[in-house]
Structure formats: C-alpha cells, structure tokens
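# Structural description and commentary
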Amino acid sequence: MRSPGVAVVLLLAAVPAFGHPLDMSMLNVQVEGGRVLQMLTIRKASVAELLGPSGTELPPEELMAAVFSVTLGDSKLSAGGEPCELTPLQIEPGEEDTLRLSAAGSCPPEGSLTQSFGYLQRVSGEGRQLFVLADVDGEAHRQLIDSANAHLTLARKVKVEQSFFGFTRMGVEHIFTGYDHLVFLLGLLLAGSSWRRLLAVVTSFTVAHSITLALAALSVIALPSTLVESAIALSIIVVAALNLLGKKSDHRWMLAFGFGLVHGFGFSSALAELELSRSELLSALFGFNVGVELGQATLVLLAMPLLALMRRGHFARQVELGLSLGSIVLGSYWLWMRAV
C-alpha cells in the first residue's frame, strides 16, 4: 500500500498538467488495476458556495473533510456496477484562487467506471463545468461535463488474451440466469413431440439468435431494449399458448426461427454494456456465443430425459398444461413490467 504522499506525487507525475480552461474545475484521474487516484482542482468561490462564506477558512483537516464530503465523497464512484471506496488524502492551495483535493481508493478491476458530480448543480459561473483528464490502465481520456449532464463514464480495456474463456463462461451464465430465455426454451422443448421436430425447432432457434447476436453486437442493427425485452416476453406467451392448444405442427421451426431472431438481440445486450472495442468484440462475440450454445445444449440434454418420462406417465397432458399455463403467467408478468 502506497503512502498518501507518494500516491499524490504519482498522480501528478502520471497525468500531464493542463490549465483548467475558462477557470472551470478540473479532475485528474489515474486508474491502474483496482487502484484509483483522483485530484480535484476546484475554485475557492465554488467551495464558498458549497460550504458557506467561511468554509474556505476552516483548518486544513476540517477543510479537507468538508470539501471531500460535498465533492468526491458524494460522487458515487463505481466500477462495473460495484461501488468504490474513496478516501481523502490531502488538500492544498492551487493556482489562481483554487484548492487541490486529492483522494485514493480501490475499485473492482473490471468494468467501466462511472461517477456523478452533483455538486456542479449547486455552484454558479465557471464552476458548473468540470474538465476531466484521465489515464485508465494506460489509455488517455478527456471529457468535459457540466451541471446539465454531471455524469462521467470511463471505459476500461478488456484483455483479449483472457477474454475468450471468460466470455464463454459469461455466455453459459447468461443462459442459466436468463429466466425468460429458460422459460421460452422449455416451451420449445414441450413443442417437440418427436426427436425430428425437436431437432428442427432447437436448430432454428440457435441459428436465428446467433445471427442477430452478431448483427447487434457489431452495431449493424440496433433496437430499443424495451422493445426487445417486451418481444421476448411475448414470444413466451405465444409458444406456451400454442402448446396449451396442442398445436405442434411441422412448421413450428419457423416460429422458433422468428422468435430466435428476437432473443438474439436480448443476448447482445450483455456485450453492449461492456463497451468493447472492435478488435476485442470479435473474440468476445465468438466466446460468448459458444457459451450460450453450451448452456443451451446442456439444458436440452438434461430436460429431454425428464420430458420423455413425463410423456409416458398417466398425467402427461395435465403436466404439460400446467407448465404451459405457468409460462403464460410468467410471460404476461414480464410483458407488463417491460412494456408498461
């Protein structure tokens, strides 16, 4: 663990010194793995607005704690959706009636960093703007934010050499934790009254969602997430309703293909959130799709013997009706939550 003094020196050395344009506030950020160093250069006039006219006259320790509390300490820094912990290190006078507040913290080593600077809405003049200069794992970022949109996002690089198996695991997890996809897959399995029909249905679904997963992940086609998620819920209702009515024609594979295109857009949302570069995306897409297929194949292999036993029982139709009704209820609930 570096000492606070060393941390501040390293921060100043790692990030080039730029004057803060138009006398606005400035934030220098250095991110290395799970270590985050920040230095906020803020106008004394802004501090006086935040703490009161006598706020800048507090003793150094009290001043540091007070300024940190209303700025960096209240900025909700997170990485990959997980909160980070920031601790103030020191505060010192800057140039042209400014104060420089430094802080250090730890964050999860993966996932984009996000931060919100609500204090920009509580000050006036040039202080309502913040110029950010960041070094995130060796990659430079520059961004100007203001009181109207006081949110900062810093994308982080994914190590390609480690991504394939990681994204394969993510694809498997996405299937096992994507309950709407699981319910839809159950509906497809119930529709397979013979092995030939089942193979045609599952293959059609697989081919279709692989197509749209690639198109969406590569930004060839983009659809609103609300529309996609609502359509996935609707697909569950339609397939379950057809099972409930006992309609299992040889053309069910066409329905599976059509809805598979929709589910592919749903799968792609997991990759879109990571903000990957083009070169990283190709490896991630292949690994993720392999994981999705492995997860899907595992579920089919586990479910088929159980369904075969069910169909030999005296209450096969009653069980199928119960599963179909339950799927309709779940699909209707998800459709209501997502569309309304």
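Owing to the predicted nature of the structure, the values given are computational and were not obtained by experimental measurement.

Calculation rules
Residues numbered from 1 in each chain as written. Predicted model: local features only at pLDDT ≥ 70, side-chain atom pairs only at ≥ 80, totals over all residues. Heavy atoms only, no water. Pairing = 2+ DSSP bridges. Helix = DSSP H or I, 4+ residues; strand = E, 2+ residues; numbered from the N terminus. Buried < 20%, exposed > 50% of the residue type's maximum accessible area, 1.4 Å probe, protein only. Contact = heavy atoms within 4.5 Å. Axes fitted to C-alpha atoms, helices over the stretch in contact; angles between N-to-C directions. Parallel < 35°, antiparallel > 145°, perpendicular 65-115°, else oblique. Nonpolar A, V, L, I, M, F, W, Y, C, P; charged D, E, K, R; others polar. Disulfide = S-S within 2.5 Å.

## Notes on the sheet that holds strand E10 (residues 151-154)
An order of E4-E3-E7-E10 is seen for the 4 strands of this open sheet, with the pairing classed as antiparallel. The open sheet is flanked by strand E4 (82-83) and E10, the only strands paired with a single partner. Judged from the 2 bridges that link them, strand E3 (residues 78-79) and E4 form a sheet pairing that is antiparallel. Pairing of Ala-79 across the sheet is with Glu-82, part of E4.

## Considering the side chain of His-209
Within the fold, His-209 resides in helix H6 (residues 195-217). Looking at His-209, the relative accessible area reads 0%, which means it is buried. His-209 has contacts with Gly-260, Leu-261, His-263, Gly-264, Phe-267, Asn-289, Val-292, Glu-293 and Gln-296, leaving out every residue within four places of it along the chain.

## Things to note about the environment of Gly-260
Structurally, the position occupied by Gly-260 is in helix H8 (residues 252-272). For Gly-260, a relative accessible area of 0% gives the class buried. Each C-alpha atom of the pair Gly-260 and Ala-208 lies 4.9 Å from the other, and the pair is 52 residues apart in sequence. In contact with Gly-260, other than residues within four places in its own chain, are Phe-205, Ala-208, His-209 and Thr-212.

## With respect to the packing of helix H5 (residues 179-191) against H6
In helix packing, the relevant descriptors are the interaxial angle and the interaxial distance, both defined with respect to the helix axes. Where H5 meets H6, the closest approach of the two axes is 9 Å, and the angle between their N-to-C directions is 150 degrees. What the angle tells us is that H5 and H6 run roughly antiparallel. Contacts from Phe-184, Leu-188 and Leu-189 in H5 reach Leu-198, Val-201, Val-202 and Phe-205 in H6. Taken together, the residues of the contact of H5 with H6 break down into 7 nonpolar, no polar and no charged.

## Digging into the state of the cysteines
Throughout the structure, instances matching the rule amount to 1 disulfide. In this model, Cys-84 is linked to Cys-107 through a disulfide, with the two sulfur atoms separated by 2.0 Å. Sign of the S-S torsion, about 125 degrees for the bond between Cys-84 and Cys-107, identifies this disulfide as right-handed. Note that Cys-84 is positioned in the loop between E4 and strand E5 (85-93) and Cys-107 in the loop between strand E6 (98-106) and strand E7 (113-116), a separation of 23 residues in sequence. We classify Cys-84 as buried; its relative accessible area is 13%. Given a relative accessible area of 9%, Cys-107 falls into the buried group.

## A word on the pairing of strand E9 (residues 139-146)
Along a regular strand, successive side chains alternate from one face of the sheet to the other. Strand direction decides the pairing type here: strand E8 (residues 129-136) and E9, joined by 8 bridges, are antiparallel. Opposite Ala-134, over in E9, you have His-141 as the bridge partner. Between the antiparallel neighbours E8 and E9 lie 2 residues, among them Asp-137 with a positive phi of about 50 degrees.

## So, the sheet that holds E8
Ordered in space as E5-E6-E2-E1-E8-E9, the 6 strands form an open sheet in which the pairing is mixed. This sheet does not close on itself; its edge strands, each paired only once, are E5 and E9. On average, adjacent strands in this sheet sit at an angle of 15 degrees to one another, irrespective of strand direction. With respect to the sheet, helix H2 (residues 44-51) is in contact with strand E2 (35-43) and E6, its orientation differing from that of E2 by roughly 95 degrees.

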